[in-house]
Amino acid sequence: MKHPLALVIAAALLATPALAQTVPPPAIAVTGEATVSVPPDQAQINGGVTTEAKTAREASEANNAAMGKVLLALKGAGIEEKDYQTSRLSLQPQYPPNPNRTGPAAISGYRASNRVTIKLRDVTKVANIVDVLVGAGANDIGGINFVVTQASKLLDDAREQAIADARRKAQIYAKAAGVTLGEPISISEEGAPTPMFRSKVAGGMAASAPVAQGEETLSVAVNVSWAIKSKE
């Protein structure tokens, strides 16, 4: 009967060839990139009313009345109720300047704020809705976000272009190195493509403010390893 140690050594020797076969094959690794530009098909507007008064009740009531006019104006402009919702509602005390910083400052009044997010399914109406908001008394226009909602198909097209770009680069390296390009060994997407691009617009916009929607750029990058072999 063989000694147990001899069996262990024999097993290790038999396993050595198998381990040698796990060495990765020769390959060329490149990154393929592609971008697609497309006009946005949806917009979001953040706007509302901020009011100030001596008491919390007065500030809240004034704000509710002013915001009611804004909501009626949106409805009159053809915006459905499902396309706007409250995004921020606050009531905060206000304090006068206290340069000496001696003791707690007395409350000088209250500020109430109510902001809604409006979804526009027609981006050509952005400037018109901003006019409606301002005309109805909105004094807090927080920004405009342009959105590409149907990005999946566009990103799929960009992925195909990125693979083609990776193949082109790999072929250049293979030719320069004097080898033949084989099949792809691995493919991985770099990061996560962003299907929505936000174009911020500062507050304080005046009525009839010009709004340019422009185009948004969707980008994809893929890492591809290609097998290579010597030319025959």
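Residues numbered from 1 in each chain as written. Predicted model: local features only at pLDDT ≥ 70, side-chain atom pairs only at ≥ 80, totals over all residues. Heavy atoms only, no water.

Give a description of the overall build of the protein that names residues and reports values.
Tallying secondary structure elements over the protein gives four helices and seven strands in all. Scanning the protein from its N terminus toward the C terminus, one meets helices and strands in the order α-β-β-α-β-β-α-β-α-β-β. Here the protein, with 232 residues, has 30% of them falling under the buried criterion. Looking at the protein alone, contacts between residues at least 24 apart form 85% of all its contacts between residues at least 6 apart. Surface accessibility of the protein: about 14500 Å² in total, with carbon and sulfur atoms responsible for 56%. (Helix = DSSP H or I, 4+ residues; strand = E, 2+ residues; numbered from the N terminus. Buried < 20%, exposed > 50% of the residue type's maximum accessible area, 1.4 Å probe, protein only. Contact = heavy atoms within 4.5 Å. Areas by Shrake-Rupley, 256 points an atom, 1.4 Å probe, with all protein chains shown as cover.)

Pulling in residues and values, what's your account of the pattern of salt bridges?
Scanning the entire structure with this criterion turns up 11 salt bridges. Residue Asp140 pairs with Arg115 through a salt bridge whose shortest N-O separation is 2.8 Å. Of this pair, Asp140 sits in strand E5 (residues 140–147) while Arg115 is found in strand E4 (residues 109–120), placing the two residues 25 residues apart along the sequence. On the basis of relative accessibility, which here comes to 14%, the residue Asp140 falls in the buried class. The class for Arg115 is buried, based on a relative accessible area of 17%. Close ionic contact of Lys153 with Asp157 constitutes a salt bridge, the shortest N to O distance being 3.1 Å. Remark: Asp157 and Lys153 occur in helix H4 (residues 151–177); sequence separation between them is four residues, near one turn of the helix. Classification of Lys153 by relative accessible area gives exposed; the value is 56%. Through salt bridges with shared partners, a single ionic network connects Arg88, Arg115 and Asp140. (Salt bridge = Lys/Arg side-chain N within 4 Å of Asp/Glu carboxyl O.)

Please set out helix H3 (residues 126–135) residue by residue, giving values where relevant.
Among the residues of H3, Val126, Ile129, Val130, Val132 and Leu133 are the ones counted as buried. End-on, the buried residues of H3 take up no more than an arc of 160°, which puts them together on one face. Tucked inside the fold, the buried residues of H3 contact strand E2 (42–53), helix H2 (56–76), E4 and E5. (Arc of directions from axis to C-beta.)

An account of the sheet that holds E4 is needed here, citing residue identities and associated values.
Read from one edge of the open sheet, four strands run E3-E4-E2-E5, paired in antiparallel fashion. In this open sheet, the two strands that pair with only one neighbour each are strand E3 (84–94) and E5. Taking the axes of each pair of neighbouring strands and ignoring which way they run, one obtains an average angle of 15° across the sheet. Examined bridge by bridge, E3 and E4 share 10 bridges and lie antiparallel to one another. Bridge pairing links Leu89 to Asn114 in E4. (Pairing = 2+ DSSP bridges. Axes fitted to C-alpha atoms, helices over the stretch in contact; angles between N-to-C directions.)

For the packing of H2 against H3, give the residues involved together with the corresponding values.
Geometrically, a packed helix pair is captured by the angle between its two axes and the distance between the axes. Following both chains from N to C, one finds H2 and H3 inclined at 150°, their axes separated by 9 Å at the closest point. At the point where H2 passes H3, the crossing takes the right-handed sense. On H3, the residues touching Val70, Ala73 and Leu74 of H2 are Ile129, Val132 and Leu133. (Left-handed = near helix turned anticlockwise from the far one by under 90°.)

Summarise the sheet that holds strand E7 (residues 216–230); cite the residues concerned and give the values.
Taken in spatial order, the three strands line up as E1-E7-E6 in an open sheet, and their pairing is antiparallel. Looking at strand neighbours, the two that pair on one side only are strand E1 (27–38) and strand E6 (179–189), the edges of this open sheet. Across the sheet, the mean angle separating the axes of adjacent strands is 30° when strand polarity is ignored. For E6 and E7, the ladder comprises eight bridges, and the chain directions are antiparallel. By the bridge assignment for E7, Thr180 is matched with Lys229. Those strands touched by H4 are E1, E6 and E7, and its axis lies near 145° from that of E1.

Summarise the nonpolar core; cite the residues concerned and give the values.
In terms of nonpolar packing, the biggest core is built from 22 residues, with Ile45, Val70, Leu74, Ile118, Leu120, Val126 and Leu133 touching the most fellow members. Breaking this core down by element, the ones donating at least two residues are E2, H2, E4, H3 and E5. Residue contacts for Leu133: discarding those within four places in its chain leaves Ile45, Val70, Leu74, Ile118, Ala138 and Ile141. Ile28, Ala151, Ala158 and Leu218 belong to the second-largest nonpolar core, a separate cluster that totals 19 residues. (Core = buried A, V, L, I, M, F, W, Y, C linked by side-chain atoms within 4.5 Å.)

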